Amino acid sequence: MFQGASAINLDAKGRMSIPAKHRDALAVQCEGRLTLTRHPHGCLLFFPRPVWESHREQIAAWPMSARAWQRIFLGNACDVELDSAGRVLIAPELRSAVGLTREVMLLGMGSHFEIWDAAKLAEDEQAAVAGGMPDVLSNFSF
C-alpha cells in the first residue's frame, strides 16, 4: 500500500529518483518493473507492473464506445524499470503530455502512484478545496 507525498526533481534526462521508502517495496513487489501512463486529469499514473497488467486487461476489454479512453490509457502506457540508482526515465512524450517540469510530486495512491507537476498539483488542490466537499463525502469524518 503506497501512500504519502514526495517532492522530487527530474534530472536533465527526465529521470525521477524513487524515494527509498518506496524503492524497496517496489523491488520486492515487482522486481523494479513498472508502467507509466497518462491520466486525463493532467498527471501520470505509475503502477507496479503486475497491478498494471490487471488494469490493462480490463481496459482492453472495454467496448468500442470507449475507444478514445483506451487510447488515453493503453496508447500512452510505457514500461519502465528501476535503474541501479533507483531511478526511472519518464519518456519525453509523457512529460510533455501532462506538462511535467523539473519539480514533480509523487503521490502514493494505494496500489499505485500519481506523478504531478508540483505547481499544477498545488493549483488543482487549491481549486478542489475552494469548490467544497462533494456530496458523496458529506457523511465522511475522521
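Residues numbered from 1 in each chain as written. Predicted model: local features only at pLDDT ≥ 70, side-chain atom pairs only at ≥ 80, totals over all residues. Heavy atoms only, no water.

In the nomenclature of an unreviewed UniProt entry, the chain corresponds to Transcriptional regulator MraZ from the organism Massilia aquatica. Note on the chain: under the UniProt heading Sequence similarities (unreviewed entry), the record states "Belongs to the MraZ family." What UniProt records for the chain under Subcellular location (unreviewed entry) is the sentence "Cytoplasm, Nucleoid". (UniProt positions renumbered as here; feature names shortened; annotations may be inferred.)

Student: I tried to follow the environment of Leu74 on my own but got confused; where do I start?
Tutor: As for its placement among the helices and strands, Leu74 is situated in the loop between helix H3 (67–73) and strand S5 (78–81). Taking the C-alpha atoms as reference points, Leu74 and Asp11, 63 residues apart in sequence, are found 26 Å from one another. If we skip the residues at most four places from it in the chain, Leu74 touches Trp52, Arg56, Ile59 and Ala60. (Helix = DSSP H or I, 4+ residues; strand = E, 2+ residues; numbered from the N terminus. Contact = heavy atoms within 4.5 Å.)

Student: Help me understand the side chain of Thr37 in this model?
Tutor: Along the chain, the position of Thr37 falls in strand S3 (residues 33–39). Residue class for Thr37 comes out buried when judged on its relative accessible area of 0%. At a separation of 2.5 Å, a polar atom in the side chain of Thr37 contacts the main-chain carbonyl oxygen of Phe73. At 3.4 Å, the side chain of Thr37 forms a polar contact with the backbone nitrogen of Ala77. (Buried < 20%, exposed > 50% of the residue type's maximum accessible area, 1.4 Å probe, protein only. Polar contact = N/O pair within 3.5 Å; in protein donor to acceptor, adjacent residues only side chain to side chain.)

Student: Would you mind showing me how to read the packing of aromatic side chains here?
Tutor: The description of an aromatic ring pair rests on the distance of the ring centres and on the angle between the ring planes. Summed over the entire model, instances satisfying the criterion amount to six aromatic pairs. Look at Phe140 and Phe142: their rings are 4.9 Å apart centre to centre, the planes differ by 80°, and that puts the pair in the edge-to-face class. Clustering of aromatic rings is evident, with ring pairs tying together Phe2, Phe46 and Phe113. (Phe/Tyr/Trp six-rings, centres within 6.5 Å; stacked < 30°, edge-to-face > 60°.)

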